[in-house]
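What follows is the residue order along each chain.
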Amino acid sequence: AIILLSHVIRSSKPNELFVNVLDETLLNGILGSITKSTTVDYIMATFRIPLIMLKGEIFNQVDPSEYLNPLLRSLNSNLLFLDVLSTKLYTENVDLILKSLEFINGYFSINHYQLYSLNYLIKYFLKLQKSEYFIILNNILQDQRFKQILSPSIKKLNESLLKILNTLNEIKVDQHNI
């Protein structure tokens, strides 16, 4: 059903009614269904849905907060999928690696500050580090078969990470409230 939903969304014309369909409940169900035994095809289809939402291309004249906030809440509630993703990188499936890089870059590229979602960003970033995603990715990049294919995506991810770190560095913390 997820693979079919992914194909329907990708082939559909932009429509503001997708906001009603792609709600937090559906997204929690989709992301919560990912386990370590989930197939790569299913994970790829699952990634396509949030990725399409991050890009906002399917929503016609809709304020980004209307579709991004439910997505961010759902992603934050289902951070376990990052562990599964990291584990699946060992399959060395180039399409999965590229899709995961595109997804993570898309997540880091949205304006969390404007959406008041910096707490989600911090939790996501820390979970991504704990999942050893970057370590596994670095090991894969040591293999010359992948270096050239993944380099443009890695460059985009590095730019996004630098932007995120700069954003987090600019946050003013009131020491008296800690």
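Residues numbered from 1 in each chain as written. Predicted model: local features only at pLDDT ≥ 70, side-chain atom pairs only at ≥ 80, totals over all residues. Heavy atoms only, no water.

## Side note on the side chain of threonine 46
Rules: Helix and strand definitions follow DSSP, with helices as H or I runs of at least four residues and strands as E runs of at least two, each counted in order from the N terminus. Relative accessibility under 20% of the residue-type maximum defines a buried residue, over 50% an exposed one, and the middle range a partly exposed one, all with a 1.4 Å probe and only protein chains included. A contact between two residues is defined here by any heavy atoms of the two lying within 4.5 Å.
Mapped onto the secondary structure, threonine 46 falls in helix α4 (residues 40-55). Taking the relative accessible area as the measure of exposure, threonine 46 reaches 1% and is therefore buried. Excluding its chain neighbours within four sequence positions, the residues that come into contact with threonine 46 are Ile2, Ile30, Leu31 and Ile34.

## Considerations on the nonpolar core
As a reminder of what qualifies: We define the nonpolar core as a collection of buried residues of types Ala, Val, Leu, Ile, Met, Phe, Trp, Tyr and Cys that are connected through side-chain atoms lying within 4.5 Å of one another.
By size, the foremost hydrophobic cluster in this structure holds 58 residues, and its most contacted members are Phe59, Ile104, Tyr107, Phe108 and Tyr124. Tallying contributions element by element places α4 first for this core, with 9 residues. Excluding residues that lie within four positions of it along the chain, tyrosine 124 makes contacts with Leu79, Phe81, Leu82, Phe103, Ile104, Tyr107 and Phe108.

## Details of the confidence of the model for the protein
Put simply, the rule is: Think of pLDDT as the predictor's per-residue confidence, scored from 0 to 100.
The predicted model of the protein has a mean per-residue pLDDT of 87, with 97% of residues at 70 or higher. Mean pLDDT values over the elements of the protein span from 85, in helix α1 (residues 2-11), up to 93, in helix α3 (residues 24-32).

## Some remarks on the pattern of salt bridges
Which entries qualify depends on this criterion: Put simply, a salt bridge is a Lys or Arg side-chain nitrogen that is within 4 Å of an Asp or Glu carboxyl oxygen.
Counted according to the given criterion, the structure contains 6 salt bridges. In this structure, lysine 127 engages aspartate 83 in a salt bridge whose closest nitrogen and oxygen atoms are separated by 2.8 Å. One end of the pair, lysine 127, is in helix α8 (residues 118-130); the other, aspartate 83, is in helix α6 (residues 80-88), and 44 residues separate them in sequence. In this structure, a network of salt bridges that share partners links the residues Lys55, Lys99 and Glu102.

## So, helix α9 (residues 133-141)
This is how it is decided: This arc is taken over the directions from the axis of the helix to the C-beta atoms.
Looking at α9, one finds that the buried residues are Tyr133, Ile136, Leu137, Ile140 and Leu141. One face of α9 carries all of its buried residues, which in axial projection span an arc of 140 degrees.

## Observations concerning the environment of leucine 27
Structurally, the position occupied by leucine 27 is in helix α3. The sequence separation of leucine 27 and isoleucine 52 amounts to 25 residues, and the corresponding C-alpha distance is 13 Å. Not counting residues up to four positions away in its chain, the partners in contact with leucine 27 are Leu22, Ile49, Met53, Pro70, Leu71 and Ser74.

## Some remarks on the side chain of serine 6
Along the polypeptide, serine 6 turns up in helix α1. Relative accessible area serves as the criterion here: at 0%, serine 6 is assigned to the buried category. Setting aside its immediate chain neighbours within four residues, serine 6 contacts Ala45, Arg48 and Ile49.

## Overview of the packing of aromatic side chains
Which entries qualify depends on this criterion: Pairs were defined over the aromatic rings of Phe, Tyr and Trp, the Trp ring being its six-membered one, requiring ring centres within 6.5 Å. Orientation was assigned from the angle between planes: stacked under 30 degrees, edge-to-face over 60, tilted for the rest.
In total, this model carries 9 aromatic pairs according to the counting rule given. Three or more aromatic residues joined by ring pairs make a cluster, and in this case those are Tyr107, Phe108, Tyr124 and Phe125.

## Points about unusual backbone geometry
With phi around 60 degrees, glutamate 92 is a residue other than glycine that occupies positive phi space. Examined against the element boundaries, glutamate 92 turns out to sit in the loop between α6 and α7 (94-109). One non-glycine residue, glutamate 132, lies in positive phi territory at about 65 degrees. Mapped onto the fold, glutamate 132 is located in the loop between α8 and α9.

## What to know about α6
Summarising burial for α6: 7 of the 9 residues are buried, a large majority. Residues of α6 that are buried make contact with α3, α4, α5 (64-77), α7, α8 and α9.

## Re the packing of α8 against helix α10 (residues 144-169)
Quick note on the threshold: Here, axes are lines fitted to C-alpha atoms. For helices the fit covers the stretch in contact, and angles between N-to-C directions go from 0 to 180 degrees. Roughly parallel refers to an angle under 35 degrees, roughly antiparallel to one over 145, roughly perpendicular to one between 65 and 115, and oblique to any angle outside these ranges. Each helix crossing is assigned a hand: it is left-handed if the near helix lies turned anticlockwise from the far helix by less than a right angle, otherwise right-handed if that turn is clockwise. Any residue outside Ala, Val, Leu, Ile, Met, Phe, Trp, Tyr, Cys, Pro, Asp, Glu, Lys and Arg is labelled polar, Gly included; the first ten of those are nonpolar and the last four are charged.
Between α8 and α10, whose axes approach to 12 Å, the crossing angle comes to 125 degrees. Between α8 and α10, the crossing angle belongs to the class labelled oblique. Crossing of α8 against α10: the hand is left-handed. Counted together, Leu118, Leu121, Ile122 and Phe125 of α8 and Leu161, Ile164, Leu165, Thr167 and Leu168 of α10 form the full contact between these two elements. For the contact of α8 with α10, a count of residues per class yields 8 nonpolar, 1 polar and no charged.

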